[in-house]
Amino acid sequence: MYVPLHVHTYYSFLRSSSSVEELIGLAREGGMGALAVTDYDGLYAAVPFYRLAHNHGIKPILGTEISLASGSRVTLLAKNSTGYRNLNQLITLLTSDPQGVELEDLDRHQEGIICLSGCRRGPVTREILARRVQHAERVAGQYRDVFGEDYFLEMQWGPGDRDRWLLSEINALGQRLQISCVAVPNSHYTRPEDEILY
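Residues numbered from 1 in each chain as written. Predicted model: local features only at pLDDT ≥ 70, side-chain atom pairs only at ≥ 80, totals over all residues. Heavy atoms only, no water.

## Section: the sheet that holds strand β4 (residues 113-116)
For the record, the criterion: We call two strands paired when DSSP finds no fewer than two bridges between them. Numbering of helices and strands runs from the N terminus; a helix is a DSSP stretch of H or I covering at least four residues, while a strand is a stretch of E covering at least two. In this analysis an axis means a line fitted to C-alpha atoms, helices contributing only their contacting stretch, and an angle means the value between N-to-C directions, from 0 to 180 degrees. Throughout, a residue-residue contact means that at least one pair of heavy atoms, one from each residue, lies within 4.5 Å.
If you trace the six strands from one edge of the open sheet to the other, you get β1-β2-β3-β4-β5-β6, paired in mixed fashion. Either end of the sheet is taken by a strand with one partner, and the two such strands are β1 (34-40) and β6 (181-183). With direction set aside, neighbouring strand axes in the sheet form an average angle of 30°. Where strand β3 (residues 73-78) meets β4, four bridges bridge the pair, whose relative direction is antiparallel. From the neighbouring strand, Ala78 faces β4, where its bridge partner is Ile113. Those strands touched by helix α6 (residues 133-147) are β3, β4 and β5 (151-155), and its axis lies near 135° from that of β5.

Dropping the structure here:
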C-alpha cells in the first residue's frame, strides 16, 4: 500500500495550497490507510489533521520538514508519542535558534522518530547533485548512525533525465550503504490544476 510521507498543508505558509480536508478526502478516494503531514519547521496542522484522519479511518502520521544548521532540510516522522514529544523538542530548539538544528540535536531527540533524507535540499541529495558522492556517503552514514534502521533515503520523482539520474544515484548509494529507499512525493498541492497556486 502506498502512503504519502512528505506532504505539506497550507500551514506551510506560502508554500502549499492544500487543506487538511482536501488531503484527507483524496486519501479516502485513493484508498490510502495512512497519510503523513510534514509542514515546514512546525506541527501546525497536527491537531486538525489528527482528528480528521481518525474520524475518517486514516492513520495520521505527524511530522515536519525541519531546517538544519547546514542550510539543508530533512523530513522527520513521529513513530509514537515519544517521537511526537521529540519533534516538539526539536521545533522548540529551532525557534530559539532559527539557523536550524544540528545533527547533535537530532541525536539527542531521535527516539521514536523516523528520518527521511529530505528533498533536493536534503543534505545527502545536495551532495549528490554537486557530484560529491563520497561526501554524500559520509553524510548518509552520519544520519544512519543517529537513526539506525529508522533512516531512509528519499526518492522523489519528477520529469526529466536529471531526475532519473538523481534517483539512480540515490538508489545506488542506498545499496552501497545498505540504507533502504522510500519513494515519496514532495506534495505542495492536491490536484495538478492547483500547481499554479503553489
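## Here's the deal with the pairing of β5
For clarity, the threshold we go by: Three exposure classes are used, based on accessible area relative to the maximum for each residue type with a 1.4 Å probe and protein chains only: buried under 20%, partly exposed in between, and exposed over 50%.
For β5, the tally of buried residues reaches four of five residues, placing the bulk of the element in the interior. Across two bridges, the pairing between β4 and β5 is parallel. Opposite Cys115, over in β5, you have Tyr151 as the bridge partner.

## Quick look at helix α3 (residues 81-96)
Because each turn of an α-helix spans 3.6 residues, side chains separated by three or four positions end up pointing in the same direction. We count it as follows: The span one expects for a helix is its residue count, reduced by one, times 1.5 Å. As used here, the arc belongs to the directions running from the helix axis to the C-beta atoms. For the purposes of these results, a polar contact is taken to be a pair of N or O atoms within 3.5 Å, where, inside protein, one atom must be able to donate a hydrogen and its partner to accept one; residues adjacent in sequence count only when each atom of the pair is a side-chain atom.
With 16 residues, α3 extends 23 Å from end C-alpha to end C-alpha; this agrees with the ideal 22 Å at 1.5 Å per step. Taken as a whole, α3 has its buried residues at Gly83, Asn86, Leu87, Leu90, Ile91 and Leu94. The buried side chains of α3 occupy one side of the element, clustering within an arc of 140° when seen end-on. Exposed residues pointing more than 90 degrees away from the buried face of α3 are listed as Thr95 and Ser96. Contact partners of the buried residues in α3: β2 (59-67), β3, α4 (103-108) and β4. One side-chain oxygen at the N-terminal end of α3 lies 3.1 Å from the backbone nitrogen of Thr82; it belongs to Asn80.

## Some thoughts on the pattern of salt bridges
For the record, the criterion: Whenever Lys or Arg places a side-chain nitrogen within 4 Å of a carboxyl oxygen from Asp or Glu, that contact is recorded as a salt bridge.
According to the stated counting rule, one finds six salt bridges in the structure shown. Measuring nitrogen to oxygen at the nearest pair gives 2.9 Å for the salt bridge that ties Asp150 to Lys79. Note that Asp150 is positioned in the loop between α6 and β5 and Lys79 in the loop between β3 and α3, a separation of 71 residues in sequence. Judged by relative accessible area, Asp150 falls into the partly exposed class, the value being 22%. Looking at Lys79, the relative accessible area reads 44%, which means it is partly exposed. Linking Asp163 and Arg120 is a salt bridge whose minimum nitrogen-to-oxygen distance equals 2.1 Å.

## Examining the side chain of Thr75
As for its position among the elements, Thr75 is in strand β3. Since its relative accessible area comes to 0%, Thr75 is described here as buried. Within the local environment of Thr75, its side chain forms a polar contact with the side chain of Glu154, the two groups lying 2.8 Å apart. In this view, Thr75 contacts Leu5, His6, Thr38, Thr64, Glu65, Ile114, Cys115, Leu116, Gly118 and Glu154; residues no more than four positions away in its chain are not counted.

Distances and angles like these do not, on their own, reveal function.
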